[in-house]
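The residues making up each chain are set out below.
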Amino acid sequence: MSGASSIKISESVKEVLGCLKVHPRETYGDVIERLVSHTHDAVLPCHIPLLYVKINGTIRELRYPIDLSFEVEDGEYIIYNNEYHLLVIAPDLRKGLKEINNQFEENWNDYVDQNDRGLTPGALQFRKTLLSLFS
């Protein structure tokens, strides 16, 4: 461990760093080094929980949040969730989240509000996934 030194880290920061470990045996130094590297390269992905969606003019609370990932590249926000087929590129988070909701509503209209007889097996599974978001 040449070049190692001790620093004082608060318990709350230790908890956050512990959650960011890729592997349980990864050291806090490794986590901090990775974060610094990502921040320096400006590719640090972040997450936003989507708790509510607006469908046909009605705001509905999701049974469990949809985890939206976002990155900033060339000054634009890339917001996505692969499981729910959501992808937006926007100049800011506010516009991006509004567009994410629009995409969610389009998916709802295409897979849930339509007659399910013409849907493929994959589309039927996606429909079931969307329906499971609400109690």
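Anything mentioned here points back to the structure above.
Residues numbered from 1 in each chain as written. Predicted model: local features only at pLDDT ≥ 70, side-chain atom pairs only at ≥ 80, totals over all residues. Heavy atoms only, no water.

## Some remarks on unusual backbone geometry
Even without glycine at this site, Asn56 takes up a positive phi of about 50°. You can see Asn56 is positioned in the loop between strand S1 (46–55) and strand S2 (58–73). Its identity as a non-glycine residue notwithstanding, Asp74 has a phi of 55°, on the positive side. Overall, Asp74 belongs to the exposed group, its relative accessible area being 74%. (Helix = DSSP H or I, 4+ residues; strand = E, 2+ residues; numbered from the N terminus. Buried < 20%, exposed > 50% of the residue type's maximum accessible area, 1.4 Å probe, protein only.)

## Some thoughts on the pairing of strand S4 (residues 86–90)
A one-sided burial pattern is seen for S4, the buried positions being Leu86, Val88 and Ala90 and the unburied ones Leu87 and Ile89. Looking at chain direction, strand S3 (residues 76–81) and S4 are connected through 5 bridges and run antiparallel. Note on S4: the bridge partner recorded for Tyr77 is Ala90. Connecting S3 to the next strand, S4, in antiparallel fashion are 4 residues, including His85 with a positive phi near 55°. (Pairing = 2+ DSSP bridges.)

## Considering a positive patch on the surface
Together, Lys54, Arg94, Lys95 and Lys98 line one region of the surface with positive charge. Overall, Lys95 belongs to the exposed group, its relative accessible area being 51%. (Patch = residues over 30% accessible without salt bridge, like charges linked within 9 Å, V, L, I, M, F, W, Y side chains within 5 Å. Areas by Shrake-Rupley, 256 points an atom, 1.4 Å probe, with all protein chains shown as cover. Salt bridge = Lys/Arg side-chain N within 4 Å of Asp/Glu carboxyl O. Lys, Arg positive; Asp, Glu negative; His and termini not counted. Charge placed at Lys NZ, Arg CZ, Asp CG, Glu CD.)

## Considerations on helix H4 (residues 121–131)
It helps to recall that an α-helix has 3.6 residues per turn; residues three or four apart then point in one direction. Those residues of H4 not exposed but buried are Ala123, Phe126, Arg127, Thr129 and Leu130. Seen from one end, H4 has its buried residues packed into an arc of 160°, which puts them on one side. Those residues of H4 that are exposed and angled more than 90 degrees off the buried face are Pro121 and Lys128. Where H4 is buried, its residues contact helix H3 (93–111). (Arc of directions from axis to C-beta. Contact = heavy atoms within 4.5 Å.)

## A closer look at the packing of H3 against H4
Between two packed helices, what matters for the description is the angle formed by their axes and the separation of those axes. The geometry of H3 relative to H4 is characterised by a closest axis approach of 10 Å and an angle of 125° between their N-to-C directions. Compared by their axis directions, H3 and H4 come out oblique. Regarding H3 and H4, the two cross each other, and that crossing is left-handed. Note on element contacts: H4 touches H3 through Ala123, Phe126, Arg127, Leu130 and Leu131, opposite Phe104, Asn107, Trp108 and Tyr111. Partitioned by chemical class, the residues of the contact of H3 with H4 number 7 nonpolar, 1 polar and 1 charged. (Axes fitted to C-alpha atoms, helices over the stretch in contact; angles between N-to-C directions. Parallel < 35°, antiparallel > 145°, perpendicular 65-115°, else oblique. Left-handed = near helix turned anticlockwise from the far one by under 90°. Nonpolar A, V, L, I, M, F, W, Y, C, P; charged D, E, K, R; others polar.)

## Regarding the pattern of salt bridges
All chains considered together, the criterion is met by 2 salt bridges. Here Lys14 ties to Glu11 by a salt bridge, and the two come within 3.7 Å at their closest N and O atoms. Pair noted here: Lys14 and Glu11 are both in helix H1 (residues 11–19), with a separation of 3 residues, about one helical turn. Judged by its relative accessible area of 29%, Lys14 is partly exposed. Of the residues examined, Glu11 reaches a relative accessible area of 54% and is grouped as exposed. In this structure, Arg127 and Asp116 form a salt bridge, with 3.7 Å as the shortest nitrogen-oxygen distance.

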